[in-house]
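Secondary and tertiary structure notes
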There are 2 protein chains.
Amino acid sequence: MLDNIRIVLVQTFHPGNIGQAARAMKTMGLTRLTLVNPRAFPDDEATRLAAGADDVVASARVVDSLEAAVSDCVQVIGASARLRSLPLPHYDEPDAMAGEVIEHASQGPVALVFGRERFGLTNDEIRHCTHQVSIPANPDYGVLNLSQAVQVLAYDVYRAWRRQQGRTAPQPGRGPLPDQAQLQHFHAHLERVMGASGFLNQPHARTSEHLHALFARAQPSRKELSLLRGLLSALESHLPESR
Amino acid sequence: MLDNIRIVLVQTFHPGNIGQAARAMKTMGLTRLTLVNPRAFPDDEATRLAAGADDVVASARVVDSLEAAVSDCVQVIGASARLRSLPLPHYDEPDAMAGEVIEHASQGPVALVFGRERFGLTNDEIRHCTHQVSIPANPDYGVLNLSQAVQVLAYDVYRAWRRQQGRTAPQPGRGPLPDQAQLQHFHAHLERVMGASGFLNQPHARTSEHLHALFARAQPSRKELSLLRGLLSALESHLPESR
């Protein structure tokens, strides 16, 4: 399905931006690049800055109009730094866009279209789009570099795809968790050690509550609880008998 | 509050990446850049590629250790391309991280730390972090360019900030958080007590790492840290002198 998502760059001025955009999209599982009238392409700069994504650059499709680039697409999103006066449907938030891109991509090709570094997309090119999206940014300095804009929107699309696949990053395992009985034993042991050390001379219910909450947040695994019990035992051996 | 969010780049090789990172962060409202032992800085390439974010480059703080860069921070997120074996709390999804960064940033400085282009962060540097985050990416080609990684995480942080601005009810607090220097003192104290108790007879780096991670997950408030220090002191009074 990610194969149905096409990154389209219109009249890119710097070939280096093509290379960086190729790298950005490939890190997010996208490999279909289309270039509309690139100023200088092919170019060593594009290949160099693509790093390990030079395959994406090499397989880029080059066409001479945006219309040709997107004619078979079921959705065309124009990435625009500023809202146009055209009443084109506009995504407030790129993650809303990303969700719909994934849905449409199950049906046919979807294009994310990026304009020129300085001038963005023309009004005529926006008319070839079905939706607009802008990346919410610093009102005082809100224009992202072209390949950065590709990275950000590709990132949101990839995330939407992972969610739709039901994929999440694998949890780093800390091993099995203790049950409540084991936790109670630990807290009882901790209380004995605190008492024997003289720390709990004044009965402070709040102290125990705080420590209880602290260890609850820590969510120790069985192994870690074992470690803590070992430490408590080592400390206990130096303390007077609990009263 | 965005002023409390610090981008920290460790031993960046290409000054151009510093410039592009400055641009990326500024588009997302972040202006505090710290450089730990940059290979070549100041450098024309950094200024050139910063475009309109050259002010961020010019005001970058340069230090010679990660410890110095983050000692006053209440949270330190290490951005890592791959999961380490160290059991440091790990954010599965950068947007979960972003939400917590914004919460912590209301209390004190928060650092997002990025490593070297080729080698990332060392295990020792990861130990100066409270959390890890990795950017979910293409399993076949998943390493983002340094400034692209900065762009993506800054984007998520800015989005979390915008969402939070829409909220009215303040979060129930546990009180102010300790900074990294205070946490280091606590861990040093804990180590002394463990050593003096005989628990750390066999030097077990893993034990320290586990406890470090456990307390990182617990996120003790200053008050709780104080309580733990008090307990450690009470225990210490019964133990033989540390060797």
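What you see is a predicted model; the values in this text were computed from it and never measured. (Residues numbered from 1 in each chain as written. Chains lettered and ligands numbered in written order. Predicted model: local features only at pLDDT ≥ 70, side-chain atom pairs only at ≥ 80, totals over all residues. Heavy atoms only, no water.)

1. A closer look at the interface of chain B and chain A
- With 63 residues of chain B at the contact, the number on the chain A side is 64 residues.
- Contact between chain B and chain A buries roughly 5,300 Å² in total, counting both sides, with carbon and sulfur atoms accounting for 60%.
- Interface area lost by chain B to chain A is led by Y141(B), Y155(B) and R217(B), which between them contribute 13%.
- Across the chain B-chain A interface, the total number found is 8 salt bridges. (Contact = heavy atoms within 4.5 Å. Buried area = accessible area lost by both parts, 1.4 Å probe. Salt bridge = Lys/Arg side-chain N within 4 Å of Asp/Glu carboxyl O.)

2. Topic: the pattern of salt bridges
- Within the structure shown, the criterion is met by 24 salt bridges over all chains.
- The partner of R116(B) in a salt bridge is E125(B), and the shortest N-O contact between them spans 2.8 Å. For the pair shown, R116(B) and E125(B) are each scored as buried.
- Through salt bridges with shared partners, a single network forms among D95(A), D156(A), R159(A), R163(A), D95(B), D156(B), R159(B) and R163(B). (Buried < 20%, exposed > 50% of the residue type's maximum accessible area, 1.4 Å probe, protein only.)

3. A look at the packing of helix α5 (residues 94–105) of chain B against helix α7 (residues 146–165) of chain B
Residue and element names in this part refer to chain B.
- As a packed pair, α5 and α7 sit with axes 8 Å apart at the nearest point and diverge in direction by 55°. Considering the angle they form, α5 stands oblique to α7. For α5 against α7, the interelement crossing comes out right-handed. Across the interface between the two elements, P94, D95, M97, A98, G99, V101 and I102 from α5 touch L153, D156, V157, A160, W161 and Q164 from α7. (Axes fitted to C-alpha atoms, helices over the stretch in contact; angles between N-to-C directions. Helix = DSSP H or I, 4+ residues; strand = E, 2+ residues; numbered from the N terminus. Parallel < 35°, antiparallel > 145°, perpendicular 65-115°, else oblique. Left-handed = near helix turned anticlockwise from the far one by under 90°.)

4. Points about the packing of aromatic side chains
- Within the structure shown, the criterion is met by 5 aromatic pairs over all chains.
- Between F186(A) and F215(A), the aromatic rings sit 5.1 Å apart at their centres with planes inclined by 75°, giving edge-to-face as the arrangement. With F186(A) in helix α8 (residues 180–197) and F215(A) in helix α9 (residues 205–218), this pair connects stretches of sequence that are 29 residues apart. Across the pair, exposure class does not vary: F186(A) and F215(A) are buried alike.
- The aromatic ring of F13(A) is capped on one face by R39(A), whose charged end is 4.0 Å from the ring centroid.
- A cation sits over an aromatic face here: K26(B) above Y141(A), 4.8 Å from the ring centre. (Phe/Tyr/Trp six-rings, centres within 6.5 Å; stacked < 30°, edge-to-face > 60°. Lys NZ or Arg CZ within 6 Å of the ring centre and 35° of its normal.)

5. A look at the domain arrangement of chain A
- Annotation of chain A at the domain level lists domain 1 (2–165) and domain 2 (180–242).
- For domain 1 of chain A versus domain 2 of chain A, the distance between C-alpha centres works out to 56 Å. (Domains from an automatic or database assignment.)

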